[in-house]
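Topology and contacts: notes
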Amino acid sequence: MEPLLSLRTFLSEVEKIGELGEVHGAHWDLEIGAIAELSYRSPYPKALLFSGIASYSTGRVLTGSTGSARRLGLTLRLGAGHTDESLVEALRGKPSAWAAAARDFPVLPVTDAPLLANEVTGEVDLLDFPVPRWHEHDGGRFIGTGCLVVTSDPETGVHNGGCYRMEVQDEGRSVTIAAVPGKHGAQHIAAWFERHGRAPVTVSFGHDPLLLALGGTEVPAGISELAYAGAVVGDRIPVVLGPDTGLPIPAGSELAIEGWLRPGHTRDEGPFGEWTGYYSGSRRADLAMEITRLYHRDDPILLGAPPGRPPHDYSYMRTVMKSAMIHDELVATGVPGVVKAWAHEAGGGRLFVGVAIEQRYAGHARQVGHLAAQLPAASYMNRYVVVVDHDIDPADLDQLIWAVSTRTDPAEDIEIQRRTRGSRLDPMLAEGAAPFNSRAVIDACRPWERLRSFPRVASSDPAYLAAVREKWAAVLGEG
């Protein structure tokens, strides 16, 4: 029986709904990445399982795990029968409920797992596995794209699971961990360095993509992503405790390592094609892991989630999750009239956010815009927030741009927030500059004082259009 959060269980469910494609014989050097990129841009992208990878007799790679409403619905245990909009609606309210329930689902240590079938101590070689070089100008082979990096708070012992890029180093004997500054994992590492001179780490490279989704999302501080995952699935997550570090490894993992990070023990890493759609600057030093043990299943599957210019591997997942979280956080502030929020995939699920409201009072649109720009779910690397009236669907870029084009005066309706939370991945950030950014709040609502006199929209009543569509379906090519 497969452990809870086994990637193989997930794949069997994806295969049942007809969304798993198999690719045999692709090369690890660029070809896997290119096939995946072409798939993301197709109208109905499937999850792709690569096997028989050139130059390798064992090891497989999965891409596109969360790239549709049905697959992401399976991942989040919300069912496979969703559209984009119904999935966001089903997700609303869930993150806060899962966070509140997480304390009831501490990890469950176990001593037996398929992961333990093969164990290597001492000198390891990560290049025994088909680690792709994803993009043409990547600085190396990145094994950590869909990974879960587990750290802990040295005072409380609470675990954090983050998804960070990881480049294979030293001909397979080591790997760098590009933990994002300011995120919980980086805070844990810094605290361990200060108190103990080194930081323990475990990493899983293949698992149910639920852990990818949570590792790349702002789970509240003090809550373990593994406990949060337990709340999502309604059961405690079985883990193997690393004998060297004491940190958990998901028992359903395909391939995992444990070891230590030390101050000053670095290797140059990057560049890498990132979620903004650009390569991330020049090659630079990052912490390199001293690997003490490696564990893997027979013929393990690496969970690939390579970013790039959207749409990329996880841009759809981030859009859905951020849209629901931003909507929930706006409602939780107490501001009235929020109809819908959408974090657009074209902006990587972070850079471009639309919010629709039903205007209740003068200043309402600006209030919502400024709040949305700084919510916990939206503050990292946000660039534009556009607030529109409730007759505009903020998920529809055509409608959103039409509202900006016809309901704004640029001199009056664009406000700028300065020195806000940016990222070193920002292509607009000058080399060596502090990671601030600015963001624009665009009030694309009809002016409050002209709500009753603003020109009428030249469009038929939606109910009448629906009736006409039904009557004339054959003529319209819908019958």
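Everything here concerns the structure above.
Rules of the game
Residues numbered from 1 in each chain as written. Predicted model: local features only at pLDDT ≥ 70, side-chain atom pairs only at ≥ 80, totals over all residues. Heavy atoms only, no water. Core = buried A, V, L, I, M, F, W, Y, C linked by side-chain atoms within 4.5 Å. Buried < 20%, exposed > 50% of the residue type's maximum accessible area, 1.4 Å probe, protein only. Helix = DSSP H or I, 4+ residues; strand = E, 2+ residues; numbered from the N terminus. Contact = heavy atoms within 4.5 Å. Pairing = 2+ DSSP bridges. Axes fitted to C-alpha atoms, helices over the stretch in contact; angles between N-to-C directions.

**Topic: the nonpolar core**
Core analysis: the largest hydrophobic core is formed by 57 residues, its most contacted members being Leu-11, Leu-62, Leu-91 and Tyr-228. Among the elements that line this core, the one with the most residues is helix H8 (residues 225-233), at 6 residues. Setting aside anything within four residues of it in sequence, one finds Tyr-228 in contact with Pro-95, Trp-98, Ala-99, Ala-102, Leu-214, Val-219 and Ile-223. Counting 41 residues, the second largest nonpolar core, distinct from the first, contains Phe-129, Val-131, Ile-177 and Leu-294.

**Examining the sheet that holds strand S22 (residues 436-443)**
Pairing is mixed across the open sheet formed by 5 strands, whose spatial order is S18-S19-S20-S22-S21. Lying at the two open borders of the sheet, with one neighbouring strand each, are strand S18 (338-343) and strand S21 (414-421). Strand after strand, the sheet turns through a mean of 20 degrees between neighbouring axes, direction not considered. In this sheet, strand S19 (residues 352-357) lies alongside S18 in antiparallel orientation, the contact comprising 5 bridges. Counted as the bridge partner of Ala-343 is Val-353 from S19. Its contacts with the sheet place helix H9 (residues 315-332) against S18 and S19, and it is angled at close to 145 degrees to S18. Most of the contacts of helix H11 (residues 397-407) go to strand S20 (residues 384-389), to which it runs at about 85 degrees, and overall it touches S19, S20 and S22.

**A closer look at unusual backbone geometry**
Put simply, Gly-270 and Pro-271 share a cis peptide bond, and its omega is -5 degrees. Relative to the helices and strands, Pro-271 is located in the loop between strand S15 (266-269) and strand S16 (284-296). Here the amide bond leading from Pro-310 into Pro-311 is cis, since omega sits at 0 degrees, within 30 degrees of zero. Tracing the sequence through the fold places Pro-311 in the loop between strand S17 (301-303) and H9. Even without being glycine, Leu-5 reaches a positive phi, approximately 70 degrees. Position of Leu-5 among the secondary structure elements: in the segment before helix H1 (7-16). Located in the positive-phi region is Asp-170, a residue other than glycine, with phi close to 50 degrees.

**Concerning the environment of Gly-18**
Checked against the element boundaries, Gly-18 lands in the loop between H1 and strand S1 (20-24). In this structure Gly-18 comes out as partly exposed when scored by relative accessible area, which is 42%. The spacing of Gly-18 and Leu-261 is 243 residues in sequence and 42 Å in space, taken between C-alpha atoms.

Bear in mind that shape data such as this cannot, by itself, settle questions of function.
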